[in-house]
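The chain contents come next:
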Amino acid sequence: MSAKILEKQQLSENVFKLVLDAPKIAKKRKAGQFVVLRIHEEGERIPLTIADADPAKGTLTIIFQVVGKSTAHLSELKAGDSLLDLVGPMGQPTHVEKIGTVVCVGGGVGVAPVYPITQAMKNAGNYVISIIGARCKDLIIMEDEMKAVSDEIIVTTDDGTYGYHGFVSQALEEKYLMTGDKKIDMVVAIGPVPMMRALCDVTKKYNVHTVVSLNSIMVDATGMCGACRVTVGGKTRFVCVDGPEFDGHQVDFKELIDRQRIYLDQEKQCYDHYCTCRQQGKGA
Amino acid sequence: MEMKERLKIPRQPMPEQDPQVRKRNFDEVPLGYTPETAKAEALRCIQCKKPECVEGCPVEVDIPGFIALVAEGKFIEAARKIKQTNALPAVCGRVCPQEVQCEVRCVRGKKAEPVAIGRLERFVADYERAAGEVSIPKIENKTGKKIAVVGSGPSGLTVAGDLVQMGHDVTIFEALHAAGGVLVYGIPEFRLPKAIVAAEVDYLKKLGVKIETSNVIGKVATVDELFAEGYDAVFLGTGAGLPSFMNIPGENLNGVYSANEYLTRSNLMKAYRFPEYDTPIVRGKNVAVIGGGNVAMDSARTAMRLGADHVYLVYRRSRQEMPARIEEIHHAEEEGIELHLLTNPIRYLGNDKGWVTGIECLQMELGEPDDSGRRRPVPIKGSEFIKDVDTVVVAIGAGSNPLVQSTTPGLDTNKWNYIVADEETGPTSREGVFAGGDIVTGAATVILAMGAGRKAARAIHKYVMSK
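The paragraphs below set out a description of the structure included in this document.

### Some remarks on the overall build of chain B
Logical step 1: Looking only at helices and strands, chain B features 18 helices and 16 strands.
Logical step 2: Residues classed as buried in chain B amount to 60% of the 467 residues present.
Logical step 3: Taking the contacts inside chain B whose residues are at least 6 apart along the sequence as the reference set, 69% of them involve residues at least 24 apart.
Logical step 4: Element-wise, carbon and sulfur atoms account for 51% of the exposed surface of chain B, whose accessible area totals about 18,600 Å².
Logical step 5: Charge separation in chain B, taken as the distance between the mean sites of 58 positive and 61 negative side-chain charges, equals 3 Å.

### Topic: the side chain of Asn25(B)
Residues and elements named next belong to chain B.
Logical step 1: Its place among the elements puts Asn25 in the loop between α2 (19-22) and α3 (35-43).
Logical step 2: On the basis of relative accessibility, which here comes to 17%, the residue Asn25 falls in the buried class.
Logical step 3: Side chain to side chain, Asn25 and Gln17 meet in a polar contact 2.7 Å long.
Logical step 4: Beyond its immediate stretch of four places on either side in the chain, Asn25 contacts Gln17 and Arg305.

### A few points about the pattern of salt bridges
Logical step 1: Within the structure shown, the criterion is met by 46 salt bridges over all chains.
Logical step 2: A salt bridge links Arg38(A) to Glu41(A), with the shortest nitrogen-to-oxygen separation between them at 3.6 Å.
Logical step 3: The class of Glu41(A) is partly exposed, set by a relative accessible area of 47%.
Logical step 4: Where Lys455(B) meets Glu424(B), a salt bridge forms, and the shortest distance between an N and an O atom there is 3.5 Å. Of this pair, Lys455(B) sits in helix α18 (residues 446-466) while Glu424(B) sits in the loop between β15 (398-399) and β16 (433-435), placing them 31 residues apart in sequence.
Logical step 5: Residue Lys455(B) is classed as partly exposed on the basis of its relative accessible area, which comes to 26%.

### Here's the deal with unusual backbone geometry
Residues and elements named next belong to chain A.
Logical step 1: A cis amide bond links Gly88 with the next residue in sequence, Pro89, at an omega value of -5°.
Logical step 2: Summarising the element assignment, Pro89 is placed in strand β7 (residues 85-90).
Logical step 3: In the segment running from Gly243 into Pro244, the intervening peptide bond is cis, with an omega of 15°.
Logical step 4: Take Pro244: it is sitting in the loop between α7 (239-242) and β16 (245-247).
Logical step 5: In the Ramachandran plot, Met142 falls in the positive-phi region, its phi being about 60° despite a non-glycine side chain.
Logical step 6: Mapped onto the fold, Met142 is located in the loop between β9 (127-134) and α4 (143-148).

### Examining helix α15 (residues 294-305) of chain B
Owing to its 3.6 residues per turn, the α-helix brings residues three or four apart onto one side.
Residue and element names in this part refer to chain B.
Logical step 1: Relative to the 16 Å expected for 12 residues at 1.5 Å per residue, α15 spans 16 Å between its end C-alpha atoms, a close match to the ideal helical length.
Logical step 2: Burial runs high along α15: 10 of the 12 residues are buried.
Logical step 3: Turning to α15, its buried residues number three or more, namely Ala296, Met297, Asp298, Ser299, Ala300, Arg301, Thr302, Ala303, Met304 and Arg305.
Logical step 4: Of the surrounding elements, those touching the buried residues of α15 are α2, α14 (259-268), β7 (286-290), β8 (310-314), α16 (326-334) and β14 (391-394).
Logical step 5: Remark: Gly307 follows α15 within two positions and exhibits a positive phi of approximately 105°.

### Here's the deal with the packing of aromatic side chains
Logical step 1: According to the stated counting rule, one finds nine aromatic pairs over all chains in the structure shown.
Logical step 2: The interplanar angle of 25° and the centroid separation of 6.0 Å between the aromatic rings of Phe16(A) and Phe64(A) together place this pair among those described as stacked. Pair noted here: Phe16(A) is in strand β2 (residues 15-21) and Phe64(A) is in strand β5 (residues 59-65), with a separation of 48 residues, a long-range link.
Logical step 3: Ring geometry for Phe26(B) versus Tyr272(B): centroids 4.0 Å apart, planes at 20°, classification stacked. Taken as a pair, Phe26(B) in the loop between α2 and α3 and Tyr272(B) in the loop between α14 and β7 lie far apart in primary sequence, 246 residues in all. Residue Phe26(B) shares its accessibility class with Tyr272(B), and that shared class is buried.
Logical step 4: Grouped by ring-pair contacts, the aromatic residues Phe26(B), Phe190(B) and Tyr272(B) constitute a single cluster.
Logical step 5: One Lys or Arg, Lys83(B), reaches over the ring of Tyr203(B) and ends 4.0 Å from the middle of that ring.
Logical step 6: Its end group placed over the ring of Tyr231(B), Lys146(B) keeps NZ or CZ at 4.4 Å from the ring centre.

### A word on the environment of Val241(A)
Logical step 1: Relative to the helices and strands, Val241(A) resides in helix α7.
Logical step 2: Judged by relative accessible area, which is 19%, Val241(A) ranks as buried.
Logical step 3: Spatially, the C-alpha atoms of Val241(A) and Ala221(A) are 7.2 Å apart, while their sequence positions differ by 20 residues.
Logical step 4: Residues contacting Val241(A), with those up to four places away along its chain left out, are Gln92(A), Thr222(A), Gly223(A) and Leu403(B).

### Regarding the pairing of strand β4 (residues 46-54) of chain A
Along a regular strand, successive side chains alternate from one face of the sheet to the other.
Residues and elements named next belong to chain A.
Logical step 1: Here strand β3 (residues 34-38) runs beside β4; their pairing, made up of four bridges, is antiparallel. Note that in β4 the partner of Leu37 across the bridge is Ile46.
Logical step 2: As defined by bridge partners, β4 adjoins β5 across four bridges and the pair is classed as antiparallel. By the bridge assignment for β5, Asp54 is matched with Thr59.

Calculation notes
Residues numbered from 1 in each chain as written. Chains lettered and ligands numbered in written order. Predicted model: local features only at pLDDT ≥ 70, side-chain atom pairs only at ≥ 80, totals over all residues. Heavy atoms only, no water. Helix = DSSP H or I, 4+ residues; strand = E, 2+ residues; numbered from the N terminus. Buried < 20%, exposed > 50% of the residue type's maximum accessible area, 1.4 Å probe, protein only. Contact = heavy atoms within 4.5 Å. Areas by Shrake-Rupley, 256 points an atom, 1.4 Å probe, with all protein chains shown as cover. Lys, Arg positive; Asp, Glu negative; His and termini not counted. Charge placed at Lys NZ, Arg CZ, Asp CG, Glu CD. Polar contact = N/O pair within 3.5 Å; in protein donor to acceptor, adjacent residues only side chain to side chain. Salt bridge = Lys/Arg side-chain N within 4 Å of Asp/Glu carboxyl O. Expected span 1.5 Å × (residues − 1). Phe/Tyr/Trp six-rings, centres within 6.5 Å; stacked < 30°, edge-to-face > 60°. Lys NZ or Arg CZ within 6 Å of the ring centre and 35° of its normal. Pairing = 2+ DSSP bridges.

By themselves these figures say nothing about function.
Rendered as structure tokens:
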């Protein structure tokens, strides 16, 4: 089904938010699930985590970072434009229950998918600590939204331009795990793979259960193709139907990073071509 | 023409693109009959009183009936005759294994070669479409019954086409963005042009079938929710869409694909036209395809068209046991696909960047027959060898996608998670829910799925009309 863009907002230099008219998906989606969209007939199918939904209004919010041609094209669409295809909600919802103190960690644009999980964890009665980070102050997104659903929040920047100077994994270790002031029952982390890996290395030391949400390359996202396969605990799993969330201590991050780079050359070729066409004022 | 003369006409060959040319393009391989060759071929049919060919057809096409019309040059009428029982003649004329269905039973085949039924079916369907004279039968007596069809592959399209002509209100829910199922994601353009699938799907839409693409049943709505929305019956034709892997070391290396992914990228997403289309695909120079079925042939021939220098087809049994159609193996060999029979991969080798660089295989020999009745391949000790490859396509079969089964309480499945349904008429353990095609039988052929759809349509009609 196609989906109309109702609102568009730029959240940081390369991060955009779109509110889509998608009543059927808005009604069904749960925290942790994602959609797959296709912009135009020649376009690829790209998976994006659902950042928010309003079942009453029938709207769905997606937040994405421009990383290549498709996301660049997506960022140039305006309110009133339509996506050719939108399918979802895909993947398993986050397992949400009251377990005590939960730390929700979002890195970069990963704050967007961690937001609905944070909200769900809070609603389930957990004590929620949020740690959100980015390279610098200007790239921090959704601070207010996260604050509203958290009992405590730490903002980190790699360059120290805002909040805690360092990585989210360092903040988690230094402020909570090392001090042992508060018993952390679970960590949920979404962000770039190196961030999730670093974070899992830390929580493993302290034996804190850590759930990560993986953003693998996908095609159909219904379990049909296996493009998104990942090794978890020595077994091959499909991120699209078995995930996207897995026990971070079991994930083979090296393989995941390798697999995310399969099409690096083609993606660059496509994006460069797109940018050149844009500069020359032609469509791509 | 006298019967004696008719018996003298040889089976008319169908011209094909030259192998050396076609191995580098995605255009269709066979070029089709001309009106003259079609008429000549049709005259070979002796119009048996008890035509056995029809019994061999899972959808019971009136074969002598349409062939008689071809012989008279009434091509459009011939197409309409087929469409009385088969909504997808252009597809079936191309991908049905006629050699084991209708043509194998043709009496002409006993002394000479059988009538080329498939080529004639293809010819009249193409003729009708090219003439722009596709007729839409008028549907009388609307029943007011609503039927949901899950999946738009061969079984779903057949069920929908039959039920809409019986006067029911039919909606197909398709998970992908295009209708056709395996016809669009699996079978390559050079075997089944996508414009033909689109035309046959369009024909169903003109009959009144509604098609909701990008709707994953089990996710956006469950079967129970479809009933709650007012559907009187649900047909599940979700196919065998779960790729099988061998679970050997290195299978997750970059450059190792499931056939489903490789073919979906190339066919559905048109990666062979990258960068005009955005979806990329690895264009390997030395490609190994694992398996011996039609999907393996499609993958190997796709790899060749994507520019490979060598394509190795690695199959653990011998040529006699290959499940692929003989015609497909023949086409593949003509195009330079190298068959490595009685060979089984045991692991994939990779570099430090996670890319596949080689495949280690064992030589096999045939032992005692196994459960399938075929002689079991047994490894030859010490026969390990390594072949350098940069791309691998694993085409060893497909299982059942669990999305619908896992969200439909009370729907019985077997140990492979296929839906348990009466293979004759399609009812499942849930009232009002019918199933057919690969999701019931396991991966099979287009026409068997269509046959299941045909039978299920009759059962669904009976069910909703008695409610």
